[in-house]
Amino acid sequence: MAGNDPISRGKNMKAYETSGTVGADGALKIEAPRELANQEVEVLITPKRPPAAERVAAWERLCRRVQGLPQIQRITDEDIEKEINAVRGG
C-alpha cells in the first residue's frame, strides 16, 4: 500500500492518496490517517493504470490495426486537407 500522503484540495480540505486490493468478495481494506478517525469520508475507487510501456504497446497495436483497414488505404493527403479545411470553416 502506498503512503497516506496528503494532497492539498483548497484551503482547508486535504485528500489522501493510498492504494489497496479488492478481494474476491469485493471487500476493500485500506488504512486511513489517524487524524481522520471517527470522521465520515468520501471514497473514490479507480482501477490502477497499467504501466506506461503496456499503454504504449496497446496504443501502437491499435494504430497498426486502424492503419491496416481497407478504407484507410483509400484516403489521400488531399482528402485529409479537405477535411481539415471543412472543420476549420475554410
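Values in this document were obtained by computation on a predicted structure and should not be read as measured data.

The helix and strand inventory of the protein stands at three helices and two strands. The order of helices and strands in the protein, counted from the N terminus, is β-β-α-α-α. Counting over 90 residues, the protein shows a buried share of 2%. Pairs at least 24 residues apart make up 14% of the contacts formed inside the protein by residues separated by at least 6 positions. When the accessible surface of the protein is split by element, carbon and sulfur atoms take 52% of a total near 8,800 Å².

What follows deals with the confidence of the model for the protein. Looking at the protein, the pLDDT average stands at 85 and 86% of residues meet or exceed 70. Ranking the elements of the protein by mean pLDDT puts strand 1 (residues 5-8) last, at 57, and helix 1 (residues 52-67) first, at 95.

We now examine the pattern of salt bridges. One pass over the structure, following the stated rule, counts one salt bridge. The partner of E78 in a salt bridge is K82, with the nearest N and O atoms 3.4 Å apart. Taken as a pair, E78 and K82 lie in helix 3 (residues 77-87) at a separation of four residues, close to a single helical turn. K82 shares its class with E78; the two are exposed.

Each value, and the rule that gives it
- Residues numbered from 1 in each chain as written.
- Predicted model: local features only at pLDDT ≥ 70, side-chain atom pairs only at ≥ 80, totals over all residues.
- Heavy atoms only, no water.
- Helix = DSSP H or I, 4+ residues; strand = E, 2+ residues; numbered from the N terminus.
- Buried < 20%, exposed > 50% of the residue type's maximum accessible area, 1.4 Å probe, protein only.
- Contact = heavy atoms within 4.5 Å.
- Areas by Shrake-Rupley, 256 points an atom, 1.4 Å probe, with all protein chains shown as cover.
- pLDDT = per-residue confidence, 0-100.
- Salt bridge = Lys/Arg side-chain N within 4 Å of Asp/Glu carboxyl O.

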